[in-house]
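Next come the chains, spelled out residue by residue.
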Amino acid sequence: MRVVTLPAPDDFDAWRDAARPLAAADVPPEDVVWQVGDTPTDLFAGQAVAHESAPSPGFTVPRPFIDLARNALLATDPERFALLYMLLARLRREPKLVEDHADPLVRRLETLAKNVRRDIHKMRAFLRFREVTDDAGVRYVAWFEPEHHIVRANAAFFVNRFASMRWSILTPDVSLHWDGKALSEGPGATKADSPEGDPIEAVWKTYYASIFNPARVKIGAMLKEMPRKYWKNMPETALVPQLIAGAQAREASMIATAQTNQRGDVGGNSQLAWEALRDEAASCTRCPLYKPATQTVFGEGPVSARLMFVGEQPGDQEDLAGKPFVGPAGQVFNRALATAGIERDTVYVTNAVKHFKFEQRGKRRIHAKPGAGEIDACRWWIEQEQMLIRPAVSVALGATAARSLFGRVVTIGKERGRAQQLPGGGEAWITVHPSYLLRIDDKARAEDEFAQFVEDLKKVRAAVAAQDTVLAE
Ligand code: URA
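Residues numbered from 1 in each chain as written. Predicted model: local features only at pLDDT ≥ 70, side-chain atom pairs only at ≥ 80, totals over all residues. Heavy atoms only, no water.

A. Structural context of the sheet that holds strand 5 (residues 167-170). Pairing in this open sheet of five strands is mixed, and the strands run 3-4-5-6-7 from one edge to the other. On the outer flanks of this sheet lie strand 3 (129-134) and strand 7 (183-187), each paired with one strand and no other. Averaged over all adjacent pairs, the angle separating strand axes in this sheet is 25 degrees, with direction ignored. As judged from the four bridges shared by strand 5 and strand 6 (residues 174-178), these two strands associate in the antiparallel manner. Bridge pairing links tryptophan 167 to tryptophan 178 in strand 6. Lying on the sheet, helix 5 (residues 151-161) is in contact with strand 5, strand 6 and strand 7; it crosses strand 6 at an angle near 20 degrees. (Pairing = 2+ DSSP bridges. Helix = DSSP H or I, 4+ residues; strand = E, 2+ residues; numbered from the N terminus. Axes fitted to C-alpha atoms, helices over the stretch in contact; angles between N-to-C directions. Contact = heavy atoms within 4.5 Å.)

B. Just helix 4 (residues 104-126), in detail. Under the 1.5 Å per step criterion, the end-to-end length of helix 4 is 32 Å for 23 residues, consistent within 8% with the ideal 33 Å. Taking the backbone nitrogen of leucine 105 as reference, a side-chain oxygen 2.9 Å away marks aspartate 103 as the first, capping residue of helix 4. (Expected span 1.5 Å × (residues − 1). Polar contact = N/O pair within 3.5 Å; in protein donor to acceptor, adjacent residues only side chain to side chain.)

C. Region of interest: the packing of helix 2 (residues 63-72) against helix 3 (residues 80-91). Remark: helix 2 packs on helix 3, axes separated minimally by 10 Å, with the N-to-C direction vectors making an angle of 170 degrees. Overall, the two elements helix 2 and helix 3 adopt an arrangement that is roughly antiparallel. In this structure, helix 2 contributes Phe65, Leu68, Ala69 and Ala72 to the contact, and helix 3 contributes Arg80, Leu84, Leu87, Leu88 and Leu91. When grouped by side-chain class, the residues that make up the contact of helix 2 with helix 3 number eight nonpolar, no polar and one charged. (Parallel < 35°, antiparallel > 145°, perpendicular 65-115°, else oblique. Nonpolar A, V, L, I, M, F, W, Y, C, P; charged D, E, K, R; others polar.)

D. Region of interest: the environment of phenylalanine 12. Among the structural elements, phenylalanine 12 can be located in helix 1 (residues 12-24). According to the relative accessible area criterion, phenylalanine 12 is buried, its value standing at 6%. Note: C-alpha distance between phenylalanine 12 and alanine 72 (60 residues apart in sequence) is 9.7 Å. Ignoring sequence-local partners within four residues, the contact set of phenylalanine 12 consists of Ile66, Ala69, Arg70 and Leu73. (Buried < 20%, exposed > 50% of the residue type's maximum accessible area, 1.4 Å probe, protein only.)

E. A look at the confidence of the model for the chain. On average, residues of the chain score 81 in pLDDT, and 79% of them are at 70 or above. Per-residue pLDDT stays below 50 along residues 198-228; that stretch engages in 73 contacts with residues further than four places along the chain or on separate chains. (pLDDT = per-residue confidence, 0-100.)

F. Quick peek at the packing of aromatic side chains. If you walk through the whole model with that rule in mind, you get 14 aromatic pairs. Judged by centre distance (6.3 Å) and plane angle (90 degrees), the ring pair of phenylalanine 298 and tryptophan 381 falls under edge-to-face. In this pair, phenylalanine 298 is assigned in the loop between helix 11 (269-281) and strand 8 (307-311) and tryptophan 381 in helix 14 (residues 372-389), connecting sequence segments 83 residues apart. You can call phenylalanine 298 buried: its relative accessible area is 5%. Judged by its relative accessible area of 1%, tryptophan 381 is buried. Cation over ring: arginine 335 sits above phenylalanine 450, and NZ or CZ is 4.3 Å from the ring centre. Above the plane of the ring of phenylalanine 358 lies arginine 365, whose end atom (NZ or CZ) is 4.9 Å from the centre. (Phe/Tyr/Trp six-rings, centres within 6.5 Å; stacked < 30°, edge-to-face > 60°. Lys NZ or Arg CZ within 6 Å of the ring centre and 35° of its normal.)

G. Examining the site of the ligand more closely. Lining the immediate environment of the ligand, one finds Gly311, Glu312, Gln313, Pro314, Gly315, Glu318, Pro324, Phe325, Asn351 and His433. Contacts to the ligand include asparagine 351, whose side-chain N or O atom sits 2.7 Å from a nitrogen atom. Within the contact set of the ligand, an oxygen atom lies 2.6 Å away from a side-chain nitrogen or oxygen of histidine 433. Burial of the ligand by the protein chains amounts to 93% of its free accessible area of 240 Å². Per-class residue counts for the shell around the ligand are three nonpolar, five polar and two charged. (Near = heavy atom within 4 Å. Areas by Shrake-Rupley, 256 points an atom, 1.4 Å probe, with all protein chains shown as cover.)

H. Structural context of the nonpolar core. Residues Leu307, Phe309 and Val393 are the most contacted members of the largest nonpolar core, which totals 59 residues. Residue contributions to this core peak at eight residues, all from helix 14. In this structure leucine 307 touches Ile342, Val347, Tyr348, Pro391, Val393, Val395, Val460 and Val464, once residues within four positions along its chain are discounted. (Core = buried A, V, L, I, M, F, W, Y, C linked by side-chain atoms within 4.5 Å.)

I. Representation of the sheet that holds strand 13 (residues 420-421). Ordered in space as 9-8-12-14-13, the five strands form an open sheet in which the pairing is mixed. The sheet is open, and its two borders are formed by strand 9 (348-351) and strand 13, each paired with just one other strand. In the sheet, strand 8 pairs with strand 12 (residues 393-397) via four bridges, with the strands oriented parallel. Bridged to methionine 308 within strand 12 is serine 394.

J. Representation of the pairing of strand 12. When you tally the buried positions in strand 12, you get five out of five residues, the bulk of the element. Alternating positions in strand 12 separate into two faces, Val393, Val395 and Leu397 on one and Ser394 and Ala396 on the other, with burial throughout. The pairing of strand 12 with strand 14 (residues 427-431) spans five bridges and is parallel. The residue bridging valine 395 from the neighbouring strand is tryptophan 429, located in strand 14.

K. Highlighting the pattern of salt bridges. If you walk through the whole model with that rule in mind, you get 28 salt bridges. Across the pair glutamate 415 and arginine 408 runs a salt bridge whose closest N-O atoms are separated by 3.1 Å. (Salt bridge = Lys/Arg side-chain N within 4 Å of Asp/Glu carboxyl O.)

Next comes the structure, spelled out in structure tokens:
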């Protein structure tokens, strides 16, 4: 029996350094016990094993395994080290195993990795700093209770985002301190160590103000989206009673600023707000589709886009890649855009439903149509995207997208190819979904339908140009 003692619960490098020679020597997983100890000198406590510096000839692992392992290793599940070693050992004989999403071991590790990713996003989206003054001046201190061992893994994000501030993040297991130049680590803390009182989170207040439009935002929905656990730490929830009570002067000026930002300062606040929105969507649990899906597939494209395309939901390939319209339907879509003279890089592309809905049949995941409840639950995100991007023209690709944008059942054949008003304002067009074109067997008809789709896209392109001409006058 080999006992491997890792120095810390999130030390991927130590796990890898121990696991590689074990796997190279074909040590069976049942002969290895993994544990976490206090001191790095314990690294190979049981029978000595070869260290990584002894090369393991010809033993490489695919990149997706490393990505999976780096995340799964941060889970609190005590079996994670052993499960990862099991997978590593099998990979030697089954090099494509990581791609087999139906394999129970791969699935279990993917679930761990997904939970970790969600926790990482929650920390980014919901951590709140409060201002304190110490001997050296102003410091921002935040308290956060992660579910997994994600704090060190998230440190670079906070260093980048708040590089010019002095800050501390306190958590039960470890604390991080940034002095504007260097990051240091301290022991865990308790909530009592963090300051109470008014948080000063201007950035986050600006974000919520910038997506707040009194005509359209449902405050209940906004609160529902923020896990209740985080409310008490969040300055923007302090805005809500004011909004409800109608403290209109302040809101009006915030909204005016935000709208100026949306139209003018597209490179600054709107980009930041969009990133925060995307990060929040990563941990969306508004409907049950998040459970089997790999990840949220959020919209993609410049915040300054004049044209927004809305599809139905991510497919199998989009679910794995985390990007919309990259699979077969995406290829048809790209070809049609290019034929219509629209550069994909310049448009914003998103979906009505942000998680892949499927039925598992053996190893295959078969697309399943989202229901009205799922479309409605996901509409909150589309509304936020619409408010931030403010496209000149939105295009619904297919019936699900139209149902989401218009809030009613739409017959494509009747309503396709002409400008319409969205219920919340803004011009929208309806056309077919690219996957409809893929399903047509008859070659001549398929070509004809493709040409009609391109015609719709050309009209949409002209509609954007017409609006921009009016704006320029
Ligand atoms: N179909 C969609 O509706 N959206 C995608 O992102 C991919 C396929």
